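Survey of secondary and tertiary structure
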Amino acid sequence: RQMCIRDRCYSFFFFKQKTAYEMLRSLVGSEMCIRDSYIAWGIAAIFAVAIVCLYSRIKLAIAVVKCAAMFVNDCWSSLVVPPVVLILVLFHICWLFIVGVYIYSIGEIDPKSNAVIRPLILDSKTKYYLYFHIFGCFWNIALSLAFCEFILASACAIWYFQRQDKPFYILPSIKRAIFNHLGSLAFGSFILAIVWTVKLWLEYLAEQSRQAHNQVTEFIFRVLSYCVSCFERFIKFLNKNAYIQIAIQGKPFCESAAAALSLMIRNAVRFGVTSGLGEIFVFIGKALITAGAAAGGYFYVTKADIRHQISSPILPTIAFIIVGYVIADLFMTVYSMSVDTVLQLSLIHI
């Protein structure tokens with residue numbers, strides 16, 4: 001009887017201890033849920049205050065995005081510009097490598113090397129030829145991209161002012177780019193080509209330092225290359241907005257770049273909200289187009305008559321994803337450029 005009473009006491013003690021532990025655990029869990037709910041409500045309140053304070057900016061951003069969509073719908077010929085420019089860029093890249101290999105082959109074989117593939121020794125004249133060729137190809141690539149941005153911005157500006165009169169806007173924009181603003185586009189692309197050349201040179205020096213097992217100089221050159229990459233993003237951003245100002249007002253590159261910077265500084269919040277909203281739509285558009293291409297390609301590969309000739313649908317689906325993303329990027333380039341152009345047009349006339 002004493003043993004029975006003792007066992008009951010032990011059972012009661014452990015049961016109470018387990019129950020208290022579970023209660024403490026549930027209490028801590030409920031406190032964490034309450035804390036997380038407070039945090040969620042705080043974030044929601046901040047978003048609500050931001051929406052109320054930025055209501056006019058958000059309204060302007062929505063109007064700009066809708067207007068850009070109207071431009072893409074009306075001026076369908078603008079969708080042809082990015083693929084043509086992509087072909088030009090691919091041509092310049094192929095020309096860069098092919099002619100670069102021919103220039104590099106002018107050098108003499110290093111007689112001191114015992115490697116299976118001996119390196120070539122280039123004299124100073126051949127090196128200058130190679131450097132000039134690389135810089136020239138970079139300049140041509142940057143100029144092609146500048147033509148793309150200016151033609152789209154010019155077409156959007158013409159559509160914005162004269163959409164009732166002109167059904168076609170690409171040919172006048174090409175004419176303006178070639179006969180009126182070729183020097184400004186060449187100057188902006190020249191700056192970008194210099195930045196690309198400096199970046200490539202720093203990457204080359206970093207690779208040479210790595211092969212020489214000099215970690216200090218490699219780190220320095222990597223840091224400098226990263227700084228040049230940040231400066232490259234700024235130059236691309238400045239060039240794009242300068243080309244938009246050239247398309248709108250017809251001024252030279254330096255004046256247009258200064259006007260674009262002044263406009264962005266005076267309307268920083270409007271630019272931020274509109275750019276953020278535009279980037280969201282661009283991301284959604286790219287995701288939907290890429291997913292649609294992947295799904296369509298997968299169903300075509302698995303359901304069509306050729307399904308017996310393919311062992312696995314993975315590689316064809318990956319190919320459809322890549323093609324879909326390229327198409328989405330080309331299409332959304334037009335939309336993104338039209339958003340930036342309409343935004344500057346609306347801010348100029350406010």
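Examining the side chain of Thr-126
Structurally, the position occupied by Thr-126 is in helix H4 (residues 124-162). With a relative accessible area of 6%, Thr-126 lands in the buried category. Those residues within four positions of Thr-126 in sequence are excluded, and the remaining contacts are Ile-103 and Ile-106.

Some points on the packing of aromatic side chains
All chains considered together, the criterion is met by eleven aromatic pairs. Between Phe-135 and Trp-139, the aromatic rings sit 6.0 Å apart at their centres with planes inclined by 50°, giving tilted as the arrangement. Residue Phe-135 and its partner Trp-139 are both found in helix H4; the two are separated by four residues, about one turn of the helix. Exposure remark for Phe-135: the relative accessible area of 18% places this residue in the buried category. Between Phe-138 and Trp-196, the aromatic rings sit 6.0 Å apart at their centres with planes inclined by 75°, giving edge-to-face as the arrangement. Taken together, the residues Phe-138 in helix H4 and Trp-196 in helix H6 (residues 182-211) connect sequence positions 58 residues apart.

Things to note about the layout of surface pockets
Approximately 1,000 Å³ is the volume found for the largest pocket. For the largest pocket, the lining is made up of 36 residues, of which Glu-149, Lys-240, Thr-333, Ser-336 and Met-337 are closest to its centre. Listing elements by their share of the lining of the largest pocket, those giving two or more residues are helix H3 (81-104), H4, H6, helix H7 (215-249), helix H9 (268-303) and helix H10 (314-348). With nine residues, H10 is the single largest residue contributor to the lining of the largest pocket. Split by residue class, the lining of the largest pocket holds 20 nonpolar, nine polar and seven charged. Roughly 750 Å³ of volume is contained in the second largest pocket. Contributing to the lining of the second largest pocket are 19 residues, with Leu-130, Tyr-131, Ile-134, Leu-200 and Tyr-204 lying nearest its centre. For the lining of the second largest pocket, the secondary-structure elements that each account for two or more residues are H3, H4 and H6.

Some points on the environment of Leu-277
With respect to the helices and strands, the residue Leu-277 is situated in helix H9. On the basis of relative accessible area, Leu-277 is assigned to the partly exposed category, the value being 21%. Remark: the alpha-carbon pair of Leu-277 and Ala-61, spanning 216 residues in sequence, is separated by 7.0 Å.

Some details on the packing of H4 against H7
Contact geometry of H4 with H7 gives a least axis separation of 8 Å together with a crossing angle of 45°. With respect to their mutual orientation, H4 and H7 come out oblique. Every pair of crossing elements has a handedness; the one defined by H4 and H7 is right-handed. The segment H4 lies against H7, with Ala-146, Glu-149, Phe-150, Ala-153, Ser-154 and Ala-157 engaging Lys-240, Tyr-243, Ile-244, Ile-246, Ala-247 and Ile-248. Residues belonging to the contact of H4 with H7 are distributed by class as follows: nine nonpolar, one polar and two charged.

About the cut-offs
Residues numbered from 1 in each chain as written. Predicted model: local features only at pLDDT ≥ 70, side-chain atom pairs only at ≥ 80, totals over all residues. Heavy atoms only, no water. Helix = DSSP H or I, 4+ residues; strand = E, 2+ residues; numbered from the N terminus. Buried < 20%, exposed > 50% of the residue type's maximum accessible area, 1.4 Å probe, protein only. Contact = heavy atoms within 4.5 Å. Phe/Tyr/Trp six-rings, centres within 6.5 Å; stacked < 30°, edge-to-face > 60°. 1 Å grid on protein atoms, 1.4 Å probe; cavity = no way out; pocket = protein on both sides within 12 Å on 5 of 7 lines; lining within 4 Å. Points joined across faces, edges and corners; volume = space filled by probe spheres on them. Nonpolar A, V, L, I, M, F, W, Y, C, P; charged D, E, K, R; others polar. Axes fitted to C-alpha atoms, helices over the stretch in contact; angles between N-to-C directions. Parallel < 35°, antiparallel > 145°, perpendicular 65-115°, else oblique. Left-handed = near helix turned anticlockwise from the far one by under 90°.

The quantities given are spatial measurements derived from coordinates; they are silent on function.
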